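One letter stands for each residue in the lines below.
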Amino acid sequence: MTSFVAFAPAKVNLFLAITGRRPDTFHNLVSVAAPLGFGDTLWFALDDLPVGGEASIRLVCDDASVPAGDSNLILKAARAFIAVTGWRGGGVFHLTKRIPMGAGLGGGSSDASAALSVLNAAAGRPLAQSDLMGLASRIGSDCPLFLAGTPVVMRGRGELLEALPESAIKRISGRRVLVFKPWFGIGTAWAYQEMAAGAPSSYLAPDKAEERLARWVQDTGGTLEDLLFNNMEMPAFHKFISMPVLMQILSEQCGLSARMSGSGSACFVPLPDGFDARPAIAAIRSAWGDESFAIETRFM
């Protein structure tokens, strides 16, 4: 049985400015998103179909809490790929799930992009990279960024990507980062509804967001920490007070300035060279419980 495999990285939003609501009810944003060296793994095993056999695409996952039906973005991506290419193969996806759900780390979108990659390989690569990016944008707003494989600027509802200058990428790639999450998740739809309810003060004006990002990109002496921003923290922190409380603890006890990723509830903090992350992880688990998710990784 022939199989194909892809790594589906988590991501964090280093810079996330929600700039306003669109007529189609989505939101416009300006963001810098960076993939991580931590994520899920997706295998696709081709079926050995007999002549005249009916092809089908299935999904199994090692995490029983992950929906494996038609609503899963992996299967949605498969249907979109087949519709565009006319590919008639069949097989089964095997997902090893490591990215927590409801975290703002892009797990579902990354899995969908990985599905497009492995299906394209299985089908003999009928789609060019640009075609895959366009198809990914139809599946989910932030799906295309996972095909880029490097820190990128996102605009629109997240589907418009722009490469960062090499000097900016060097300030991000390879840096150590601690990613952590409480036991609860935050619904993306709820977070955006709260942003809309708090308008206009909840948004950052587009020109202000672009000015802030450009200032960091052009300041080649600026640090990664200088970039960090997320105006979606406001509704999350208002409801889930344990998040800002823990961030204050990390600041006072460890000298770390953490931020939330995306719509939450995962948070992250870049780690200085030589920094021992163990006291920070101990502080996280003391505040949020021993089963809290916490992992040290690096930006890709």
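No experiment lies behind these values; they were computed from the predicted model shown.

### Observations regarding the confidence of the model for the protein
Confidence in the prediction of the protein, expressed as mean pLDDT, is 94, and 98% of residues score 70 or more. Considering each helix and strand of the protein separately, the mean pLDDT is smallest for helix 6 (residues 188-197), with a value of 93, and largest for strand 7 (residues 176-181), with 98.

### Examining the pattern of salt bridges
Counted by the stated rule, this structure contains 13 salt bridges. Ionic pairing is found between E225 and R175, a salt bridge with its closest N-O pair at 2.7 Å. Taken together, the positions of E225 in helix 8 (residues 224-227) and R175 in the loop between helix 5 (166-170) and strand 7 put the pair 50 residues apart, joining distant regions of the chain. We classify E225 as partly exposed; its relative accessible area is 36%. Members of the salt-bridge network, linked through shared partners, are D40, K97 and D111.

### A few points about unusual backbone geometry
Here the residue pair A199 and P200 is connected by a cis peptide bond, since its omega of 5° sits within 30 degrees of zero. Each neighbour pair has its own omega, and for G264 with S265 the value is 15°, a cis peptide bond. Position of S265 relative to the elements: it lies in the loop between strand 9 (259-260) and strand 10 (267-270). The backbone of T25 shows a phi angle near 80°, a positive value even though the residue is not glycine.

### Brief notes about the layout of surface pockets
For the largest pocket, the calculated volume is near 1100 Å³. As for the largest pocket, its lining consists of 43 residues, and the residues nearest its centre are G106, S109, D142, T188 and S263. Contributing elements (two or more residues each) for the lining of the largest pocket: strand 1 (3-21), strand 2 (27-46), helix 2 (107-122) and helix 6. Tallied by class, residues from the lining of the largest pocket come to 17 nonpolar, 20 polar and 6 charged.

### Points about the nonpolar core
Across soluble globular proteins, you tend to see nonpolar side chains buried next to one another. Ranked by size, the top nonpolar core spans 38 residues in total, and within it L178, F180, M243 and L250 carry the most contacts. Sequence-distant contacts of M243, that is, excluding residues within four places in its chain, are made with F184, I186, F237, M260, S265, C267 and W288. I172, A209, F268 and F299 belong to the second-largest nonpolar core, a separate cluster that totals 31 residues.

Cut-off values and rules
- For every chain, the first residue of the written sequence is number 1, and numbering continues from 1 along that sequence.
- Thresholds applied to this predicted model are a pLDDT of at least 70 for local features of residues and 80 or more for the giving and counting of side-chain atom pairs; totals over whole chains, interfaces and linings are not thresholded and use all residues.
- Only hydrogens and water are set aside; all other atoms, that is, all heavy atoms of the structure, feed into the side-chain values.
- One number per residue, pLDDT, summarises how confident the predictor is, and it ranges from 0 to 100.
- Strands here are runs of E lasting at least two residues and helices are runs of H or I lasting at least four, both read from the DSSP assignment and numbered beginning at the N terminus.
- Salt bridge, as applied in this entry: a Lys or Arg side-chain nitrogen positioned within 4 Å of an Asp or Glu carboxyl oxygen.
- The cut-offs for exposure are 20% and 50% of the maximum accessible area for each residue type, with area from a 1.4 Å probe on protein chains only; residues under the lower value are buried, those over the upper are exposed, and the others partly exposed.
- Grid spacing is 1 Å over the protein atoms alone, the probe is 1.4 Å, and a cavity is where that probe fits but cannot get out, while a pocket is an open set with protein on both sides within 12 Å along at least five of seven lines and lining residues have an atom within 4 Å of a point.
- Grid points are joined across faces, edges and corners, and a volume is the space filled by probe spheres set on the points.
- Throughout this entry, Asp, Glu, Lys and Arg are counted as charged residues, while Ala, Val, Leu, Ile, Met, Phe, Trp, Tyr, Cys and Pro are counted as nonpolar. The remaining residues, Gly among them, count as polar.
- Put simply, buried Ala, Val, Leu, Ile, Met, Phe, Trp, Tyr and Cys residues joined by side-chain atoms within 4.5 Å make one nonpolar core.
- Contact between two residues is taken to exist if any of their heavy atoms lie within 4.5 Å; hydrogens are not considered.

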